[in-house]
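Structural features, examined
As a plain string of letters, each chain reads:
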Protein chains: 2
Amino acid sequence: MSTKSYHHGDLRQALLEAAEAELTETGLEGFSLRKVARRAGVSHAAPAHHFKDTAGLLTALCAVGYRRFVALQKQRQAVTPLDARSQQIAAGLGYIDFADENTALFRLMFGSRLPDFENADNAAAMSDAYLHLAKGVGASVEDNGPPDQQMMIDISATWAIAHGLADLLSSGRLHMVGSLTGPKRDEVLSGIIARCLPER
Amino acid sequence: MSTKSYHHGDLRQALLEAAEAELTETGLEGFSLRKVARRAGVSHAAPAHHFKDTAGLLTALCAVGYRRFVALQKQRQAVTPLDARSQQIAAGLGYIDFADENTALFRLMFGSRLPDFENADNAAAMSDAYLHLAKGVGASVEDNGPPDQQMMIDISATWAIAHGLADLLSSGRLHMVGSLTGPKRDEVLSGIIARCLPER
DNA sequence: GATCCTATCTTTTCACTGTCAAGATTTGGA
DNA sequence: TCCAAATCTTGACAGTGAAAAGATAGGATC
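Parameters and conventions
- Within each chain, residue numbers correspond to sequence positions counted from 1 in written order.
- To read the labels, note that chains go from A and ligands from 1, taken in the order they are written.
- The model is predicted, so local features are restricted to residues of pLDDT at least 70 and side-chain atom pairs to those at 80 or more, both for listing and for counting; the totals for chains, interfaces and linings are taken over all residues.
- Hydrogen atoms and water are omitted, and side-chain values are computed over all heavy atoms in the structure.
- Our superposition of the copies is a least-squares fit, built on the C-alpha atoms of residues whose pLDDT is at least 70 in both.
- Working rule for contacts: check all heavy atoms of both residues, and any pair within 4.5 Å makes them a contact.
- Each salt bridge in this description consists of a side-chain nitrogen of Lys or Arg and a carboxyl oxygen of Asp or Glu lying within 4 Å of one another.
- Runs of H or I in DSSP of at least four residues are treated as helices and runs of E of at least two as strands, each being numbered from the N terminus.
- Ten residue types, Ala, Val, Leu, Ile, Met, Phe, Trp, Tyr, Cys and Pro, are classed as nonpolar, four, Asp, Glu, Lys and Arg, as charged, and the remainder, Gly among them, as polar.
- Partly exposed describes any residue whose relative accessible area lies between the buried limit of under 20% and the exposed limit of over 50%, with all areas from a 1.4 Å probe on protein chains only and scaled to the type maximum.
- Every axis in this analysis is a line fitted to C-alpha atoms, fitted for helices over the stretch in contact. Angles between the N-to-C directions lie between 0 and 180 degrees.
- For classification purposes, angles smaller than 35 degrees are called roughly parallel, those larger than 145 roughly antiparallel, those between 65 and 115 roughly perpendicular, and all remaining angles oblique.
- Within 6.5 Å between ring centres, the rings of Phe, Tyr and Trp (the latter by its six-membered ring) count as paired, and their orientation is classed by plane angle as stacked under 30 degrees, edge-to-face over 60, tilted in between.
- In this scheme, Lys NZ or Arg CZ marks a charge over a ring once it lies within 6 Å of the ring centre and within 35 degrees of the ring normal.
- In this text, buried Ala, Val, Leu, Ile, Met, Phe, Trp, Tyr and Cys residues form a nonpolar core when linked through side-chain atoms within 4.5 Å.
- By the definition used in this description, the sense in which the near helix is turned from the far one sets the handedness, with an anticlockwise turn below a right angle giving left-handed and a clockwise turn giving right-handed.
- Whenever two N or O atoms come within 3.5 Å, that pair is a polar contact, provided that in protein one can donate a hydrogen and the other can accept it, and provided that, for residues adjacent in sequence, both atoms are side-chain atoms.

What follows concerns the relation of the copies chain A and chain B. Mapping chain A onto chain B leaves a residual RMSD of 0.0 Å; the transformation is a rotation of 180 degrees accompanied by 0.0 Å of translation along its axis. This pairing of chains is accounted for by a two-fold axis. Closest to the rotation axis within chain A is the C-alpha of A:Gly164, separated from it by 1.8 Å. When the interface residues of chain A are mapped onto chain B, 100% of them again lie at the interface, so the same face is used by both copies.

Written out as structure tokens, the structure is:
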């Protein structure tokens, strides 16, 4: 099934990988379904059998992105003290990690209307990502009853600061902080994120 | 020069307006130079004489956006107490106003690589926007000497929270805050922005 | 094992797009 | 008046996404 058979074997996965590679190289602006097909070594109409159309392919890729997005946050949190505040900051750093390392995917997920956000699988992946954020904020405040307005504000603030930093950094607009690296960078970013966390 | 002459009169301006209208209707994903030309009532090749290509048109539109962007911030600031902290919060609300009322343009300015950000006019408009932000932050802290690291951090934090709120709200992801309107909305957003301002 | 059904992939076709080159029209100044 | 430059149109070309129809392979059933 590898070298030259008519049937590819796992074209769906191969197309997803080709699409992501294409996305990181040319950006969303230069993205082309036919180029993805060429990169995967199949005819230009082959993708239609696994993903209905371009939007379908990008929707599937979007879901992959959201899962990796949560994974990177958890990866940061796994090496961080367990108190709620530290965990929340770590999640924010993971948010920024994702945008840095997967800029094209990040743009697709948060800056495009091409993917179908109503699609079941994609919506589930997005929901998981949101719940992970909300759960983190909820843990850092007394967790009583239904989410009140104060908690919604805390969630919004936490989300907004992480997202704002991630978006501006990944698009190369925060030259001052963007030029920092390593622990110093983490320290500065942590300080900024901490400003927005619910007060203890 | 109005009804049917061969020469349009002010096609450049008409194309800019048509492009913005097209952008808000179809979004950046469905944008087409030929549709813009049709909307302006000229042939498909006419735009090339005023803007080299699609990127050129979007670059010019981008510059228009940055100027309106600053104008909306100043508009908020004009009806706000003059203390530095209130002014900074007002600028943030203007930032969000712009994203809300000019979502397509906002996406073009901050979420696309199509415009040429090295273009002189566009770069100047962007620089003005950045300087307006930096000046505001500088005024809210003791203004001595060259910008030190702490001020760069304050600028980054202020920018990030405004940008994060604007981007998430304009893309309809912050349902909780997004559903608020009027003074209540301003109050909540102001509270969130205030968290990120330099401490007095 | 032979047969047939279905999933998978290719080929062909069509309308649309951006860009370029060449021609037509108008304007404004010499 | 006349000509050069600016402005706009027409025509052409390669590339694109999507749909339809044909080709091939895998797997189930008998």
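Still more to cover.
Right, let's get into the interface of chain A and chain B. As a measure of interface size, the accessible area lost when the parts come together is often cited. At the interface, 42 residues of chain A touch 42 residues of chain B. The tally of links from chain A across to chain B stands at two salt bridges. Between B:Arg195 and A:Asp154 there is a salt bridge, with the nearest N and O atoms lying 2.7 Å from each other. Mapped onto the side of chain A that touches chain B, the elements with two or more residues apiece are helix 5 (103-111), helix 6 (120-139), helix 7 (149-170), helix 8 (175-178) and helix 9 (182-196) of chain A. With 16 residues, helix 7 of chain A is the single largest residue contributor to the side of chain A that touches chain B. Among the residues making up the side of chain A that touches chain B, the classes are represented as 25 nonpolar, nine polar and eight charged.

This part is about the pattern of salt bridges. Residue and element names in this part refer to chain A. Under the criterion given, the structure shown has 16 salt bridges over all chains. The salt bridge involving Arg39 is made with Glu25; its shortest N-O contact spans 2.9 Å. Within this pair, whereas Arg39 is found in helix 2 (residues 33-40), its partner Glu25 is found in helix 1 (residues 11-26), the two being separated by 14 residues in sequence. On the basis of relative accessible area, Arg39 is assigned to the partly exposed category, the value being 36%. We classify Glu25 as exposed; its relative accessible area is 57%. Each of Glu22, Glu25 and Arg39 takes part in salt bridges that share partners, so that together they form one network.

Glancing now at the side chain of B:Asn102. All names here are of chain B. Here Asn102 shows up in the loop between helix 4 (84-101) and helix 5 (103-111). Residue class for Asn102 comes out buried when judged on its relative accessible area of 9%. Those residues within four positions of Asn102 in sequence are excluded, and the remaining contacts are Glu20, Arg68 and Leu72.

Residue and element names in this part refer to chain B. Packing of helix 3 (residues 54-78) against helix 5 brings their axes to within 9 Å, and their N-to-C directions diverge by 105 degrees. The angle between the axes of helix 3 and helix 5 places the two elements in the roughly perpendicular class. Facing helix 3, whose interface residues are Leu58, Leu61, Cys62, Gly65, Tyr66, Arg68 and Phe69, helix 5 presents Leu105, Leu108, Met109 and Phe110. When the residues that make up the contact of helix 3 with helix 5 are grouped by side-chain class, the tally is nine nonpolar, one polar and one charged.

Within this structure, the stated rule accounts for 18 aromatic pairs over all chains. Here the aromatic rings of B:Tyr66 and B:Phe69 are separated by 6.2 Å at their centres, their planes lie at 85 degrees, and the arrangement is edge-to-face. Placement of the pair is B:Tyr66 and B:Phe69 together in helix 3, with a separation of three residues, close to one helical turn. Residue B:Phe69 is classed as buried on the basis of its relative accessible area of 4%. With centroids separated by 5.7 Å and ring planes inclined at 65 degrees, the aromatic side chains of B:Tyr66 and B:Phe110 adopt a geometry described as edge-to-face. Here B:Tyr66 is found in helix 3, whereas its partner B:Phe110 is found in helix 5, with 44 residues between them in sequence. With a relative accessible area of 4%, B:Phe110 lands in the buried category. Through a chain of ring-to-ring contacts, three or more aromatic side chains come together here, namely A:Tyr66, A:Phe69, A:Tyr95, A:Phe98, A:Phe106 and A:Phe110. Stacked on the ring of B:Phe117, the Lys or Arg A:Arg173 has its end atom at 5.2 Å from the ring centre.

Turning next to the nonpolar core. In terms of nonpolar packing, the biggest core is built from 123 residues, with A:Ile161, A:Leu165, B:Tyr66, B:Ile161 and B:Leu165 touching the most fellow members. Contacts of A:Leu165, omitting those with residues within four sequence positions, involve A:Ile96, A:Leu174, A:Leu189, A:Ile192, A:Ile193 and B:Ala160.

The geometry of helix 9 of chain A relative to helix 7 (residues 149-170) of chain B is characterised by a closest axis approach of 10 Å and an angle of 50 degrees between their N-to-C directions. By the angle between their axes, helix 9 of chain A is oblique relative to helix 7 of chain B. As for the relative orientation of helix 9 of chain A and helix 7 of chain B, their crossing is right-handed in sense. For the pair helix 9 of chain A and helix 7 of chain B, contact is made by A:Lys184, A:Val188, A:Ile192, A:Arg195 and A:Cys196 and by B:Gln149, B:Gln150, B:Ile153, B:Asp154, B:Ser156, B:Ala157 and B:Ile161, respectively. Split by residue class, the contact of helix 9 of chain A with helix 7 of chain B holds six nonpolar, three polar and three charged.

All names here are of chain A. Structurally, the position occupied by Arg185 is in helix 9. Separated by 138 residues in the primary sequence, Arg185 and Pro47 have C-alpha atoms spaced 41 Å apart. Residues within four places of Arg185 in sequence aside, it is in contact with Ile96, Asp100, Leu169, Val177, Gly178 and Leu180. Side-chain polar atoms of Arg185 contact the backbone oxygen of Leu180, separated by 3.5 Å.

Note on placement: B:Tyr130 falls in helix 6 (residues 120-139). A sequence separation of 70 residues divides B:Tyr130 from B:Ala60, and the C-alpha atoms of the two residues are 18 Å apart. Setting aside chain neighbours within four positions, we find B:Tyr130 in contact with A:Met176, B:Ile155 and B:Trp159.

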